[in-house]
Amino acid sequence: MNPIDKLIKNRKLTKDGYVELLNCIEKDEMAVRITDEAVLLRKKYYGNKVYTRGLIEFTNYCRNNCFYCGIRRDNQTVSRYRLSLQEILSCCQRGYELGFRTFVLQGGEDPYFTDERMVKIIYSVKERYPDCALTLSIGEKTYDSYRRFREAGADRYLLRHETADQVHYRKIHPKEMSLAVRKQCLYHLKTLGYQVGAGFMVGSPGQTYRELAQDLVFLQELQPQMVGIGPFIPHHSTRFAEEPPGSVKLTLRLLSIVRILLPQALIPATTALGTLDPEGREKGLAAGGNVVMPKLSPAIYQKKYELYDGEEAVESMESLARRVEAIGYRLTVDRGDFVPTESI
Ligand code: SAM
């Protein structure tokens, strides 16, 4: 059986099977089946609904030094900022009025935001917006910290694994960071009952189909409820400034593959896709994505939260809704939780 049929039938492959699949779908005519199947599954479980998450990038301070990231610790050219609790709450208020029922608090690993401060923020958001889901994306923490955040009301956690291959991980991270810790964090989050998001960049320096195959095998094992996949985009003040960006086409194909192996996952059409391609968001939805994450943080801070070069065009919710409708989908006012309806 060819790897496309095998994936569609079994919803899983071996690492070699994924490499074979990625080679096979280089041809557009072969990729069509993968995309069609992804769209079929996406419609089966989510109809034409697209969930919105309001992204609040509340700090660009970071204690980490990931080689690819524009806000890494040693980048002296970044103008650093932190949002106050009041500013975070006013972003939520604006988002709530626009129809958002999920807020995503994302930031660098900023030591200023101690567990006590985070717990206070989580309580405050959940107290004011009890009908909304709160997602955190603040990096690697201890089990105990994750437990405290969960008890304070956090519902979901986004922590891309970035790459599941040990050798590749070392090429794009400094030695004090570890893939084992990253993976352990994801398992801790699952144990604590968070809806968990893993994911990876496509086209990060040193990545081949073998590393991508490893990422897919890891997703199979972890079974996350959410998966974020975006192209790598170089940032001018990193060692990877001259590296080429990841391929939009390959990113879309991977998104479709992930939809097939995790049919009910919540998968965003990522900002990085929208940055590399003006129609990236629509293409992400048409490839099997079912989430968009517009930014709610004030425009002056959005420019400072620069992970990579380039910007996604900012647009109003009306225009986003129109664009989504133009491709046959509909933005929905809903928390958009992961609710498994059946085991497949
Ligand atoms: N600190 C948190 C963490 O580690 O998960 C969240 C913030 S981190 C900046 C958010 C995501 O940005 C990362 O998971 C990474 O995949 C993505 N990112 C960083 N630099 C990037 C780049 N140059 N191109 C594309 N994505 C990038």
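The following paragraphs examine the structure supplied in this document. (Residues numbered from 1 in each chain as written. Predicted model: local features only at pLDDT ≥ 70, side-chain atom pairs only at ≥ 80, totals over all residues. Heavy atoms only, no water.)

1. A look at empty space enclosed by the protein
Here comes step 1: In this structure the tally under the stated criterion is one cavity of 30 Å³ or more.
Here comes step 2: Its volume calculated, the largest cavity comes out at about 40 Å³.
Here comes step 3: Lining the largest cavity are Phe-58, Thr-59, Gly-108, Glu-109, Asp-110, Phe-113, Met-118, Ile-138 and Lys-141. (1 Å grid on protein atoms, 1.4 Å probe; cavity = no way out; pocket = protein on both sides within 12 Å on 5 of 7 lines; lining within 4 Å. Points joined across faces, edges and corners; volume = space filled by probe spheres on them.)

2. Section: the sheet that holds strand S1 (residues 49-52)
Here comes step 1: Pairing is parallel across the open sheet formed by three strands, whose spatial order is S8-S1-S9. Looking along the sheet, the strands with just one partner apiece sit at the ends: strand S8 (291-292) and strand S9 (330-332).
Here comes step 2: Here S1 pairs with S8 via two bridges, running parallel. Pairing of Thr-52 across the sheet is with Val-292, part of S8.
Here comes step 3: Contacting S1, S8 and S9, helix H14 (residues 317-326) crosses the sheet at an angle of about 130° to S9. (Pairing = 2+ DSSP bridges. Helix = DSSP H or I, 4+ residues; strand = E, 2+ residues; numbered from the N terminus. Contact = heavy atoms within 4.5 Å. Axes fitted to C-alpha atoms, helices over the stretch in contact; angles between N-to-C directions.)

3. Brief notes about the pattern of salt bridges
Here comes step 1: Within the structure shown, the criterion is met by 23 salt bridges.
Here comes step 2: Measuring nitrogen to oxygen at the nearest pair gives 3.9 Å for the salt bridge that ties Lys-49 to Asp-334. With a gap of 285 residues between them, Lys-49 in strand S1 and Asp-334 in the segment after S9 connect regions that are remote in the sequence.
Here comes step 3: Ionic pairing is found between Asp-155 and Lys-126, a salt bridge with its closest N-O pair at 2.7 Å. Taken as a pair, Asp-155 in the loop between helix H6 (143-152) and strand S5 (156-158) and Lys-126 in helix H5 (residues 115-128) lie far apart in primary sequence, 29 residues in all.
Here comes step 4: Under the relative-accessibility criterion, Asp-155 is labelled buried at 13%.
Here comes step 5: Looking at Lys-126, the relative accessible area reads 16%, which means it is buried. (Salt bridge = Lys/Arg side-chain N within 4 Å of Asp/Glu carboxyl O. Buried < 20%, exposed > 50% of the residue type's maximum accessible area, 1.4 Å probe, protein only.)

4. Regarding the side chain of Asp-115
Here comes step 1: Its location among the elements puts Asp-115 in helix H5.
Here comes step 2: On the basis of relative accessibility, which here comes to 17%, the residue Asp-115 falls in the buried class.
Here comes step 3: In this view, Asp-115 contacts Ser-145, Arg-148 and Phe-149; residues no more than four positions away in its chain are not counted.

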